[in-house]
Amino acid sequence: TAYQAETRIFTNIILSQADVNSIDHTKWVDKIVAGQRIYVTINENDKILGWSEKLNPPRLGKTLANLASPKATYFDFTSGKNVGNKHQIWGEVKNSVVKTYFETVLNGKRGEDIAGFSFDSRLNAFRML
């Protein structure tokens, strides 16, 4: 497409508590061509997405179901200290692991290398310890 060269400026794409349908999200996530890595953050207690789910199917940023994209890497922050029901965890939560995660991925580095997460193969997600 005409804009492929311009999108190479991005190393990481972050879908932070995305308010989109989790069911069939792979159909569009797997088509993202910008960046080298796609990260999806999840908080099952997210209060904003809880309101959204009253009118919509399960939201990608609030569920550990259907995490099936081969291009995306999923990070579950639900059990993190001070995460609670926050939606904008990258700006609201006082937690060194959360801070390190976002500083790392927003600067184009790998989130998978950050201490404080454990990969759960049953869910296909890195879960905060």
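Scroll up to find the structure.
Going along each chain's sequence as written, the residues are numbered from 1 onward. Confidence filtering applies because this is a predicted model: local features only for residues at pLDDT of at least 70, side-chain atom pairs given and counted only at 80 or more, and all residues used for totals across whole chains, interfaces and linings. The basis for every side-chain value is the complete set of heavy atoms in the structure, and neither hydrogens nor water enter the calculation.

Student: Kindly report on the side chain of Asp46, identifying the contributing residues and their values.
Tutor: In this fold, Asp46 is placed in the loop between strand S2 (37-42) and helix H2 (47-53). Buried and without a salt bridge, Asp46 has Lys62 as its closest oppositely charged side chain, separated by 7.6 Å. Of the polar contacts made by the side chain of Asp46, one reaches the backbone nitrogen of Leu49; its length is 2.9 Å. Contacts are assigned to residue pairs that have any heavy atoms within 4.5 Å of one another. Excluding residues within four positions of it along the chain, Asp46 makes contact with Gln17, Lys62, Asn85, Lys86 and His87. Secondary structure counts use DSSP, requiring at least four H or I residues in a row for a helix and at least two E residues in a row for a strand, with both numbered from the N terminus. The buried label goes to any residue with under 20% of its type's maximum accessible area, the exposed label to any with over 50%, and the partly exposed label to all in between, with areas taken from a 1.4 Å probe on protein chains only. By the counting rule applied here, Lys and Arg register as positive and Asp and Glu as negative, while His and the ends of each chain are not counted. Here, a salt bridge means any side-chain nitrogen of Lys or Arg that lies within 4 Å of a carboxyl oxygen of Asp or Glu. We define a polar contact as two N or O atoms separated by no more than 3.5 Å, with the added condition that, inside protein, one atom must be a possible hydrogen donor and the other a possible acceptor, whereas residues neighbouring each other in sequence contribute only through side-chain atom pairs.

Student: Help me get a handle on the pattern of salt bridges, residues and values and all.
Tutor: Where charged atoms of side chains with opposite charge meet at close range, the side chains can pair. Considering all chains together, one arrives at 8 salt bridges under this definition. The shortest N-O distance in the salt bridge between Glu103 and Lys99 comes to 3.9 Å. Here Lys99 and Glu103 lie together in helix H4 (residues 96-105), a separation of 4 residues that amounts to about one turn. By relative accessible area, Glu103 is classed as partly exposed at 44%. Put simply, Asp113 and Arg110 hold a salt bridge, and the shortest N to O gap is 3.4 Å. A residue is classified by how much of its surface remains accessible, and Asp113, at 59% relative accessible area, is exposed. When salt bridges with common partners are traced through the structure, they connect Asp76, Asp120, Arg122 and Arg127 into a single cluster.

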